[in-house]
Amino acid sequence: MKIKTPNAGALTNFEVLDFLKARGASKDSSRVIAPVASSEYKVYDYLVETPASRQTREQIYEFMKKCKTYKLAKAEILNIINIAPRELVEIDPIIEHSEMRLGDQVEELLDLVRNVFPLPPADLTSEAGMDKDREETGNEEQNEDMNETLAGEQIDGDRK
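Residues numbered from 1 in each chain as written. Predicted model: local features only at pLDDT ≥ 70, side-chain atom pairs only at ≥ 80, totals over all residues. Heavy atoms only, no water.

Asker: Give me the layout of surface pockets: which residues, what numbers.
Answerer: Estimates place the volume of the second largest pocket at around 330 Å³. In this structure, the second largest pocket is lined by 16 residues; those nearest its centre are A10, T12, M64, L78 and I81. Broken down by secondary-structure element, the contributors of at least two residues to the lining of the second largest pocket are α1 (13-23), α3 (57-66) and α4 (74-83). With 5 residues, α4 is the single largest residue contributor to the lining of the second largest pocket. Classifying every residue of the lining of the second largest pocket by side-chain character gives 10 nonpolar, 2 polar and 4 charged. (1 Å grid on protein atoms, 1.4 Å probe; cavity = no way out; pocket = protein on both sides within 12 Å on 5 of 7 lines; lining within 4 Å. Points joined across faces, edges and corners; volume = space filled by probe spheres on them. Helix = DSSP H or I, 4+ residues; strand = E, 2+ residues; numbered from the N terminus. Nonpolar A, V, L, I, M, F, W, Y, C, P; charged D, E, K, R; others polar.)

What follows is the structure in structure tokens.
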């Protein structure tokens, strides 16, 4: 294999993960046989826990094509692909002066990210379960107050 253009550009996490898989990296117990360095396995282990493990090349191309209207920098697009932000608080540090540059289009951009990079079914059910738990238990502050009260009673009980 010959390198045609060294340092041609930054890679997405998906591309790095794809490369590591092509070299033989996996979660398989026989991974000691593969010609992959231990540092590459550490990178692989990290990347399989990120949105990159759920992305496809087609999704990335679709996102890059559709986000051209927002006039984002290459680094901003790369970070959005790698992080796949779901909320405004996640996208704000990625895009410099997002409110000034994009205004109301920030929500449109988030919708684009949500549509192009959907959550896997397991994450959707866990989010729904968290919402259901909040409804059943009531206000989170009320739960925190209850925990503080119980902790205080336990400390007072220990003193007696």
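Asker: Before we move on, can you summarise the nonpolar core with the specific residues and values?
Answerer: Residues F63, L72, I80, I95, L109 and F117 are the most contacted members of the largest nonpolar core, which totals 30 residues. Mapped by element, the contributors of at least two residues to this core are α1, α2 (38-47), α3, α4 and α7 (105-116). Residue contributions to this core peak at 6 residues, all from α7. Sequence-distant contacts of I80, defined by excluding residues within four places in its chain, comprise F63, L72, P85, I91, I94, I95, L109 and V113. (Core = buried A, V, L, I, M, F, W, Y, C linked by side-chain atoms within 4.5 Å. Buried < 20%, exposed > 50% of the residue type's maximum accessible area, 1.4 Å probe, protein only. Contact = heavy atoms within 4.5 Å.)

Asker: Could you give me a rundown of α2, with the residues and numbers involved?
Answerer: Listed as buried for α2 are E40, Y41, Y44 and L47. The buried residues of α2 occupy an angular sector of 125° when projected down its axis, which confines them to one face. Exposed side chains of α2 directed beyond 90 degrees from the buried face belong to S38, K42 and Y46. Buried-residue contacts for α2 involve α1. (Arc of directions from axis to C-beta.)

Asker: How would you sum up the environment of Y41? Please name residues and give values.
Answerer: Take Y41: it is sitting in helix α2. Separated by 20 residues in sequence, Y41 and K21 have C-alpha atoms that sit 10.0 Å apart.

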